[in-house]
Amino acid sequence: MSSPGAAHAAPSSDPAAERAATSGLGELLSGVTRDLSTLFRQEVDLAKAELSESAKKAGKGAGLYAGAAVAGLFVLLFLSIALWWALGYLVGNAWSALIVAGLYLIVTAILALRARAQLRTVEGAPRTAESLKKIPETLKPGGTA
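Draft legend 1. Inspection of the confidence of the model for the chain at higher detail. Here the chain averages 80 in pLDDT, while 76% of its residues score no lower than 70. Averaged pLDDT values over the elements of the chain bottom out at 64 in helix α4 (residues 126-133) and peak at 92 in helix α3 (residues 93-120). The model gives residues 5-9 a pLDDT under 50, and that stretch makes zero contacts with residues more than four places away or in other chains.

Dropping the structure here:
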């Protein structure tokens, strides 16, 4: 025995298939474009949220490094005072202060010379400069059209 509606095809349970069967091509393309736009916006929002979270973590880490640098500066200060005091027993306080200052002067000079040599090797952005040379004259500002 068959039911009265058995002669008709059973309705599809997939709404996307039904929509594809009943919609025109323009409407379908419009839907795809809208869906892609929504997906792109959601991805951009997700990327912003992830970058914001990463920036917060980086800021906290940088703050902790700054605190460590200050603490390290105090360690250096007190070690310098201890060295000054220890040398003071051997050569007197005034001379020991000059010796400690001389040590820091030598360290400063070495670091400054190395930094200067390092900075002289910086050439800017060579790839960008090479890319700019390849731009045709007509596309450059003030070029002839």
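Structure's up, so let's keep going.
Draft legend 2. Focus on the packing of aromatic side chains. By the definition in use, this model includes one aromatic pair. Between the aromatic rings of Trp 85 and Tyr 89, the centroid separation amounts to 5.9 Å while the plane-to-plane angle is 50 degrees, which identifies the pairing as tilted. With Trp 85 and Tyr 89 both in helix α2 (residues 25-91) and four residues apart, this pair spans about one turn of that helix. Trp 85 sits in the exposed class, given a relative accessible area of 57%.

Draft legend 3. Focus on a nonpolar patch on the surface. Judged by side-chain polarity, Leu 83, Leu 90, Val 91, Trp 95, Leu 98, Ile 99 and Leu 103 come together as a nonpolar surface patch covering roughly 720 Å² of accessible area. For the nonpolar patch, the secondary-structure elements that each account for two or more residues are α2 and α3. The element best represented in the nonpolar patch is α3, accounting for four residues. Inspection of the secondary structure assignment puts Leu 83 in helix α2.

Draft legend 4. Representation of α2 within the structure. Taking 1.5 Å as the rise per residue, α2 with 67 residues should run 99 Å; its terminal C-alpha atoms sit 95 Å apart, in good agreement. Within the span of α2, buried status applies to Gly 31, Ser 80 and Gly 88. Contacts made by the buried residues of α2 are with α3. Downstream of α2 by one or two residues, Gly 92 has phi in the positive range, about 100 degrees.

Draft legend 5. Geometry of the side chain of Ser 80. Inspection of the secondary structure assignment puts Ser 80 in helix α2. Since its relative accessible area comes to 12%, Ser 80 is described here as buried. When sequence neighbours within four positions are dropped, the list of residues in contact with Ser 80 reads Val 100 and Tyr 104.

Draft legend 6. Inspection of the environment of Asn 93 at higher detail. If you trace the backbone, Asn 93 turns up in helix α3. Not counting residues within four places of it along the chain, the set of residues in contact with Asn 93 comprises Trp 84 and Gly 88.

Draft legend 7. Geometry of the packing of α2 against α3. Here α2 crosses α3 at 135 degrees, and the two axes come no closer than 7 Å. The orientation of α2 relative to α3 falls into the category oblique. Two packed elements cross with a definite hand, and for α2 against α3 that hand is right-handed. Two secondary-structure elements touch here, α2 through Leu 76, Ser 80, Leu 83, Trp 84, Leu 87, Gly 88 and Val 91 and α3 through Asn 93, Trp 95, Ser 96, Ala 97, Ile 99, Val 100, Leu 103 and Tyr 104. For the contact of α2 with α3, the residue count by class is eleven nonpolar, four polar and no charged.

The rules behind each value
Residues numbered from 1 in each chain as written. Predicted model: local features only at pLDDT ≥ 70, side-chain atom pairs only at ≥ 80, totals over all residues. Heavy atoms only, no water. pLDDT = per-residue confidence, 0-100. Helix = DSSP H or I, 4+ residues; strand = E, 2+ residues; numbered from the N terminus. Contact = heavy atoms within 4.5 Å. Phe/Tyr/Trp six-rings, centres within 6.5 Å; stacked < 30°, edge-to-face > 60°. Buried < 20%, exposed > 50% of the residue type's maximum accessible area, 1.4 Å probe, protein only. Patch = residues over 30% accessible without salt bridge, like charges linked within 9 Å, V, L, I, M, F, W, Y side chains within 5 Å. Areas by Shrake-Rupley, 256 points an atom, 1.4 Å probe, with all protein chains shown as cover. Salt bridge = Lys/Arg side-chain N within 4 Å of Asp/Glu carboxyl O. Expected span 1.5 Å × (residues − 1). Axes fitted to C-alpha atoms, helices over the stretch in contact; angles between N-to-C directions. Parallel < 35°, antiparallel > 145°, perpendicular 65-115°, else oblique. Left-handed = near helix turned anticlockwise from the far one by under 90°. Nonpolar A, V, L, I, M, F, W, Y, C, P; charged D, E, K, R; others polar.

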